[in-house]
Amino acid sequence: MPAPRDPRPLTGEPLALDLLNTRWMSEGTLQDLLTDVDGLAVWLDSTGLSGGHTPDDAMLRHVRQAREALRTAVDGSLEEGAPLVDAVLEHGRVRVALTSQGPVEHPELSDPAWGPGWLAARDYLELLSTAPDRIRSCAHESCVLHFLDTSRNGTRRWCSMATCGNRAKASRHYARTKDA
């Protein structure tokens, strides 16, 4: 039986931001994909992490802990978020090796249930080292989504121009025509 469709409005972001985007607004109500193991299975499947990971309650707790740590670091401050992200990262480490195909990294985890959350926290460190100024929150006041700004000039403001961008433009247009 195929996995249920991912209901989130924004998918395909780097793993750390994709984990943050498991919470989103829909018609003024905060939605959360990670309320149960079934939602975790949908997220694992949509991120390509479902192979080798059997979702269970422990994994769900660990992924939610990682999401909260990342939310604090991204939406709050690194000073507040760093200890929380470090608490997730303490459950694994990277072993590097050289193979005939070149260098590889293998995560070594204290418990496999930490795998997806640990990988998301590790991905956040990669984003901070390569493009910290491109990690963005949507500029729409009622949106809670995050994205990596890959635009050429680095000025993307909306998670999606088709939704939040158009709503903002329509709101500005309405305000101008109302005042006129």
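Heads up: the structure comes first, above all this text.
Three- or four-residue spacings in an α-helix give side chains the same orientation, since the helix completes a turn every 3.6 residues. Taken residue by residue, helix α2 (residues 37-47) has G39, L40, V42, W43 and L44 as its buried positions. In this structure, the buried side of α2 is in contact with α1 (15-20), α3 (57-76) and α5 (115-130). The N-terminus of α2 is capped by D36, whose side-chain oxygen sits 3.2 Å from the backbone nitrogen of D38.

Looking now at the pattern of salt bridges. If charged atoms from side chains of opposite charge come close, those side chains can pair. Taken as a whole and assessed by the stated rule, the structure comprises 10 salt bridges. Note that E68 and R71 form a salt bridge whose closest N and O atoms lie 2.6 Å from each other. Taken as a pair, E68 and R71 lie in helix α3 at a separation of 3 residues, close to a single helical turn. Accessibility expressed as a relative area gives 31% for R71, which makes it partly exposed. Residues joined in a network through salt bridges with shared partners are D6, R8 and D18.

Looking now at the nonpolar core. L19, L40, W43, L70 and C159 are the most contacted members of the largest nonpolar core, which has 43 residues in total. Looking at this core, the elements that each hand over two or more residues are α1, α2, α3, α4 (78-89), α5 and β6 (146-148). The element that contributes the greatest number of residues to this core is α3, accounting for 9 residues.

Here the focus is the packing of α4 against α5. The N-to-C vectors of α4 and α5 enclose an angle of 135°; their axes lie 9 Å apart at closest approach. With respect to each other, α4 and α5 are oriented oblique. In this structure, α4 crosses over α5, and the sense of that crossing is left-handed. On α5, the residues touching L78, V85, V88 and L89 of α4 are G117, W118, A121, R122, Y124, L125 and L128. Grouping the constituent residues of the contact of α4 with α5 by class yields 9 nonpolar, 1 polar and 1 charged.

Rules and cut-offs
- Residues numbered from 1 in each chain as written.
- Predicted model: local features only at pLDDT ≥ 70, side-chain atom pairs only at ≥ 80, totals over all residues.
- Heavy atoms only, no water.
- Buried < 20%, exposed > 50% of the residue type's maximum accessible area, 1.4 Å probe, protein only.
- Helix = DSSP H or I, 4+ residues; strand = E, 2+ residues; numbered from the N terminus.
- Contact = heavy atoms within 4.5 Å.
- Polar contact = N/O pair within 3.5 Å; in protein donor to acceptor, adjacent residues only side chain to side chain.
- Salt bridge = Lys/Arg side-chain N within 4 Å of Asp/Glu carboxyl O.
- Core = buried A, V, L, I, M, F, W, Y, C linked by side-chain atoms within 4.5 Å.
- Axes fitted to C-alpha atoms, helices over the stretch in contact; angles between N-to-C directions.
- Parallel < 35°, antiparallel > 145°, perpendicular 65-115°, else oblique.
- Left-handed = near helix turned anticlockwise from the far one by under 90°.
- Nonpolar A, V, L, I, M, F, W, Y, C, P; charged D, E, K, R; others polar.

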